Amino acid sequence: MKKILTALAVVCSLTAATTVAHAQYENTAIKTGMQAPDLAYKTPDGKEVKLSELNKGRYVLVDFWASWCGPCRRANPNLVKLYQTYSQKKLKNATKPFEIYSVSLDKSADAWKKAIADDKLSWPNHVSDLGGWQSKPAEAYGVAFIPQAFLLDPKGKIVGKYMTAEEAEPDLQKLAK
């Protein structure tokens, strides 16, 4: 009986710790249903990409990451698969294909460009102000940790927020049916 109570206490402690950790890292600045803050920043080749223009008629996953972020880099292969899968599918209420708008919190353009190439992030919409943690896009979205992602509907409303971009897949699956 003592072993069962001890095991139960451990399970309860772990559950409470997980709940507290998730709450600690939850983005409270952005809420589902609100209009997404617009962003307009430069790609590695200097072209400005405006999120609201890209978003017209399509679902867009806004993904915050950095080349120096281990969890971000480990998540990138799944992000690539997500893009390969859903950029080819017709999504509910969308007139254009799904896209990813990657926002880097890098300070080094060279490291940012190298990570895009090394991780084979094939979509064209990579932006950054090279501000690191003082990044204006991160500030606009209340980003205090990375990776972090937001799914926008074709009208620019936030329909999902995720600790990693791959967590958007169940929502994208529903939209693809």
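Residues numbered from 1 in each chain as written. Predicted model: local features only at pLDDT ≥ 70, side-chain atom pairs only at ≥ 80, totals over all residues. Heavy atoms only, no water.

### Let's talk about the state of the cysteines
Scanning the model with the defined rule gives 1 disulfide in all. Between the sulfur atoms of C69 and its disulfide mate C72 the distance is 2.3 Å. Taking the sign of the torsion about the S-S bond as the criterion, the disulfide between C69 and C72, at about 75°, is right-handed. When its relative accessible area of 1% is taken as the criterion, C72 is described as buried. (Disulfide = S-S within 2.5 Å. Buried < 20%, exposed > 50% of the residue type's maximum accessible area, 1.4 Å probe, protein only.)

### Remarks on the pairing of strand β7 (residues 158–162)
Where strand β6 (residues 148–152) meets β7, 4 bridges bridge the pair, whose relative direction is antiparallel. Of the residues in β7, the one forming a bridge with L151 is G160. Between β6 and β7, which pair antiparallel in sequence order, lie 5 residues; one of them, G156, sits at a positive phi of approximately 85°. (Pairing = 2+ DSSP bridges. Helix = DSSP H or I, 4+ residues; strand = E, 2+ residues; numbered from the N terminus.)

### Some points on the sheet that holds strand β3 (residues 60–65)
Strand-to-strand pairing in sheets goes through backbone hydrogen bonds, with the strands running parallel or antiparallel. Here we have 5 strands laid out as an open sheet, ordered β5-β4-β3-β6-β7, and mixed in their pairing. Strands with a single pairing partner mark the edges of an open sheet, and in this sheet they are β5 (126–127) and β7. Of the strands in this sheet, β3 and β4 (99–104) are in contact with helix α3 (residues 70–86), which crosses β3 at around 165°. (Contact = heavy atoms within 4.5 Å. Axes fitted to C-alpha atoms, helices over the stretch in contact; angles between N-to-C directions.)

### Some words on the nonpolar core
Core analysis: the largest hydrophobic core is formed by 47 residues, its most contacted members being L61, V62, F64, F98, Y101, Y141 and L172. Among the elements of the structure, α2 (51–55), β3, α3, β4, α4 (109–118), β6, β7 and α6 (169–175) are those that each provide at least two residues to this core. In terms of residue count, α3 provides more of this core than any other element does, 6 residues in total. Setting aside residues up to four positions removed in sequence, F98 forms contacts with Y59, L61, L82, Y83, Y86, S87, L91, L151 and L172. (Core = buried A, V, L, I, M, F, W, Y, C linked by side-chain atoms within 4.5 Å.)

### Quick notes on the pattern of salt bridges
Going through the model one piece at a time under the given rule, you end up with 5 salt bridges. For the salt bridge of K50 with D38, the shortest nitrogen-to-oxygen distance reads 3.9 Å. With K50 in strand β2 (residues 48–50) and D38 in the loop between α1 (2–24) and β1 (40–42), the pair connects residues that are 12 residues apart, well separated along the chain. Judged by relative accessible area, D38 falls into the partly exposed class, the value being 37%. Here D118 and K114 are joined by a salt bridge, their closest N and O atoms 2.6 Å apart. Within this pair, D118 and its partner K114 are both found in helix α4, separated by 4 residues, close to a single helical turn. Assessed through its relative accessible area of 41%, D118 is described here as partly exposed. (Salt bridge = Lys/Arg side-chain N within 4 Å of Asp/Glu carboxyl O.)

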